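If you want the building blocks of each chain, they are given just below.
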Amino acid sequence: MNLDKNIVLIGMMGSGKSTVGKLLAERMGFGFIDTDARLEDWTGRKISEIFATDGEEEFRRLETEVVQQVAKRTGQIIATGGGVVLRSENVKALREKGIVVFLDAGLEILFQRLMDDDSRPLLQTDDPKKKLEDILKNRLPLYREAADIEIDTNLLNTEQVVSRIIHNNEEKKMEKKITINLKERSYPIFIGENNLDRLGELIKLQIPDARRVFVISNTTVEPLYAKKVLESLENADLASAMGVIPDGEEYKTLEIVSGLYDQLVDHNMDRSSVVVSLGGGVVGDLAGFVAATYMRGIHFVQVPTTLLAQVDSSIGGKVAVNHPAGKNLIGAFHQPRLVLIDISTLQTLARDELIAGMAEIIKHGMILDANYFNWIEENLEQILNLDSATLIRLIYDSCTIKGKIVEEDEKEQNIRAILNFGHTVGHGIEAVTHYKKYRHGEAVAIGMVQASRLAENMGLIDKMEVRRLARMLERTGLPIYIPVEINLDKIVKAIQNDKKAFQGKVKMILPTRIGQVKITDQWGEDDLLNILRTFQIV
């Protein structure tokens, strides 16, 4: 039995968390912790006494302290108090090393179990059933957002609930879930293995009004995964149709988009319909742009099949097509309703594409998390060998880093710009080579090194930090130099036309150390050109 994780039980008071938890711990060979009991032991006071004397706010503070303590352990079944989800820091801590299971029970069953229980301070009112109904209504969305697994316990006894949890845990033990918190535009990211068949179920859960789905893929991905995706939609009673585009960055154009609009109209897609992107970053950007503009915006779901798309373009709502003058010049912000990541798709990914995806992952460590950068260095061999557990952690951590940035700055007014580290030079390289010589991740890798060398030249970062980045990229198999046949003056000109330019100045993301960067427009084009020339190779 895998003891490096916890199973966390959440749900309303009376949902059976403690009873189920004890039996589950016995069956699985785990320890058992009841956070309410732990809090009472720690304080030497009953919860009802804390409520009566100090109030609910003090109880919640104490509860959070207990949660932070127990969440650091592993190999535990943790039964939580009903209100643990009211504080996001509790959920975050419990999810860090735990699989969260929501025990769902209806109002009538809960009331029957609690009607004679005078130890519940929140129900000590003249109308406890109405109070219980109000609490349930308030907390239900929080339970569902926090949960990896939901168990409907209404018609199940304790033995059956335990068996269901064990079965679901075995199926989902490798799956992780992240929620991008953007208020009414919030959405979940599911990361797992062999989970494409969950797509229809998740769309119905996340978009209840969905009836029709239009899948957009390309000629490379469609033969591999379309059948499984369409079967999943059919099993969820979702009518579906499909549009297949040629494979390649050069097809991310308004002309291709126009053809897809025609197909959407032909298949009677309306404002409640869903566009699903099945493919890499090109398909995701283009399909998202179609969803953002068709009928002024319809639902959008990302199913990224490349490593680059899984950790970058599928998250954050940037959707666009290219223009001859520059990459992604025509676009919008249109958040997906959910992202489904199946790491098994990486098994069929060309090796060069896998390596290209590593550039964005390394970038995430460079811009915000030195510990993550260190972990990638230490685990690079397992990553490149596609070890499942390592890949899931890799993608989860990268998505978490990008998700935090997107939550803070959805439309790139401030900190989100740091995600462009390496992209300023990288986009210039792509534009000059007409998006044909380099994969996006390869261009970004070169751009990160050149930006870091510029920062070193400006005295912002120690040269050993720059060498460490360059070594990591080379170990991964990514390029770090610009070949001599590429015109450097044209790269600088393309940078001047960058869509992020403001009043004639382009902001550059420059590292100050591993895990930290600064945004600045105080850099010289001649200095950059000298750096590019110095490190250009034959």
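What counts and what doesn't
Residues numbered from 1 in each chain as written. Predicted model: local features only at pLDDT ≥ 70, side-chain atom pairs only at ≥ 80, totals over all residues. Heavy atoms only, no water. Helix = DSSP H or I, 4+ residues; strand = E, 2+ residues; numbered from the N terminus. Rg over C-alpha atoms; globule rule 2.2 N^0.38 Å. Buried < 20%, exposed > 50% of the residue type's maximum accessible area, 1.4 Å probe, protein only. Contact = heavy atoms within 4.5 Å. Axes fitted to C-alpha atoms, helices over the stretch in contact; angles between N-to-C directions. Parallel < 35°, antiparallel > 145°, perpendicular 65-115°, else oblique. Left-handed = near helix turned anticlockwise from the far one by under 90°. Nonpolar A, V, L, I, M, F, W, Y, C, P; charged D, E, K, R; others polar. Pairing = 2+ DSSP bridges. Expected span 1.5 Å × (residues − 1). Arc of directions from axis to C-beta. Salt bridge = Lys/Arg side-chain N within 4 Å of Asp/Glu carboxyl O. Core = buried A, V, L, I, M, F, W, Y, C linked by side-chain atoms within 4.5 Å.

**Quick look at the overall build of the protein**
Broken down by element type, the protein carries 21 helices and 18 strands. Relative to the 2.2 N^0.38 estimate, which gives 24 Å for 538 residues, the radius of gyration of the protein is 25 Å and therefore close to what a compact globule would have. By its C-alpha atoms, the protein is 80 × 55 × 45 Å across when sized along the principal axes. Relative to its 538 residues, the protein shows a buried fraction of 55%. Looking at the protein alone, contacts between residues at least 24 apart form 75% of all its contacts between residues at least 6 apart.

**Quick word on the environment of Ile151**
Locating Ile151 in the fold gives a position in strand β5 (residues 149–152). For Ile151, a relative accessible area of 2% puts it in the buried group. Between the alpha carbons of Ile151 and Val84 there is a distance of 18 Å; along the sequence they are 67 residues apart. In this view, Ile151 contacts Val101, Phe102, Leu103, Asp104, Leu156, Val161, Arg164, Ile165 and Asn168; residues no more than four positions away in its chain are not counted.

**Points about the packing of helix α17 (residues 423–432) against helix α20 (residues 488–496)**
It is at 8 Å that the axes of α17 and α20 come closest, and there the two elements cross at 115 degrees. In terms of their interaxial angle, α17 and α20 are classed as roughly perpendicular. As α17 runs across α20, the sense of the crossing is right-handed. Only Lys490, Ile491, Ala494 and Ile495 of α20 make contact with α17, whose side of the interface consists of Thr424, Val425, Gly428, Ile429, Ala431 and Val432. Looking at side-chain class alone, the contact of α17 with α20 contains seven nonpolar, two polar and one charged residues.

**Things to note about the packing of helix α14 (residues 351–368) against helix α18 (residues 440–457)**
Running from N to C, α14 and α18 cross one another at 40 degrees; their axes reach a closest spacing of 6 Å. Classified by the angle their axes make, α14 and α18 are oblique. The handedness of the crossing between α14 and α18 is left-handed. Packed against α14, whose contacting residues are Ala356, Ala359, Glu360 and Lys363, the element α18 presents His440, Gly441, Glu442, Val444, Ala445 and Met448 at the interface. When grouped by side-chain class, the residues that make up the contact of α14 with α18 number five nonpolar, two polar and three charged.

**Some words on the sheet that holds strand β4 (residues 98–104)**
Strand order in this open sheet of five strands is β2-β3-β1-β4-β5, and the pairing throughout is parallel. Strand pairing shows two members of the sheet lacking a second neighbour, β2 (31–34) and β5, which therefore form its edges. Between one strand axis and the next, the sheet turns by 20 degrees as a mean value, whatever way the strands run. Here helix α2 (residues 35–43) sits on the sheet and contacts β2 and β3 (76–79); the angle it forms with β2, its principal contact strand, is near 70 degrees. Against the sheet, helix α5 (residues 88–96) makes contact with β1 (6–10), β3 and β4, and its axis sits at roughly 120 degrees relative to β4, the strand it touches most.

**Some details on helix α11 (residues 254–266)**
When the terminal C-alpha atoms of α11 are compared, their 18 Å separation across 13 residues agrees well with the 18 Å that a helix rising 1.5 Å per residue should span. Of all the positions in α11, only Ile256, Val257, Leu260 and Leu264 are classed as buried. Down the axis of α11, the sector holding all buried residues measures 100 degrees, keeping them to one side. Facing away from the buried side of α11 by over 90 degrees, the exposed positions are Glu255, Val265 and Asp266. Here the buried face of α11 lies against β8 (212–218), β9 (239–245), β10 (274–279), α12 (281–293) and β12 (318–323). Phi for Asn268, located one or two positions after α11, is positive at around 60 degrees.

**Quick word on the sheet that holds strand β6 (residues 176–180)**
The seven strands lie next to each other as β6-β7-β14-β11-β10-β8-β9, forming an open sheet whose pairing is mixed. Here the strands that pair on one side only, and so sit at the sheet edges, are β6 and β9. Here the strands of the sheet are splayed against their neighbours by 15 degrees on average, with no regard to which way each runs. As defined by bridge partners, β10 adjoins strand β11 (residues 299–304) across six bridges and the pair is classed as parallel. Within β11, the residue paired with Val275 across the bridge is Phe300. Helix α10 (residues 222–235) contacts β8, β9 and β10 of the sheet and is inclined by roughly 170 degrees relative to β8. Here α12 sits on the sheet in contact with β8, β9, β10 and β11, set at roughly 170 degrees to β10.

**So, the pattern of salt bridges**
Pairing is possible between side chains of opposite charge, provided their charged atoms come close. Tallying each qualifying case throughout the model produces 29 salt bridges. A salt bridge links Asp54 to Arg45, with the shortest nitrogen-to-oxygen separation between them at 2.9 Å. Relative accessible area serves as the criterion here: at 23%, Arg45 is assigned to the partly exposed category. Ionic contacts of the salt-bridge type, sharing partners, join the residues Asp312, Glu360, Lys363 and Lys402 into one network.

**Here's the deal with the nonpolar core**
Counting 80 residues, the largest nonpolar core has Ile189, Ile191, Met358, Ile376, Leu394, Ile395 and Leu473 as the members making the most contacts within it. Here Leu473 is in contact with Ile362, Ala445, Met448, Val449, Leu478 and Ile480, once residues within four sequence places are set aside.

**Comments concerning unusual backbone geometry**
Look at Asn268: it is not a glycine, yet its phi comes out positive at around 60 degrees. By secondary structure assignment, the location of Asn268 is in the loop between α11 and β10. Asn268 sits in the exposed class, given a relative accessible area of 57%. Of note, the phi angle at Arg296 is positive, near 65 degrees, even though the residue is not glycine. Overall, the relative accessible area of 78% leaves Arg296 in the exposed class.

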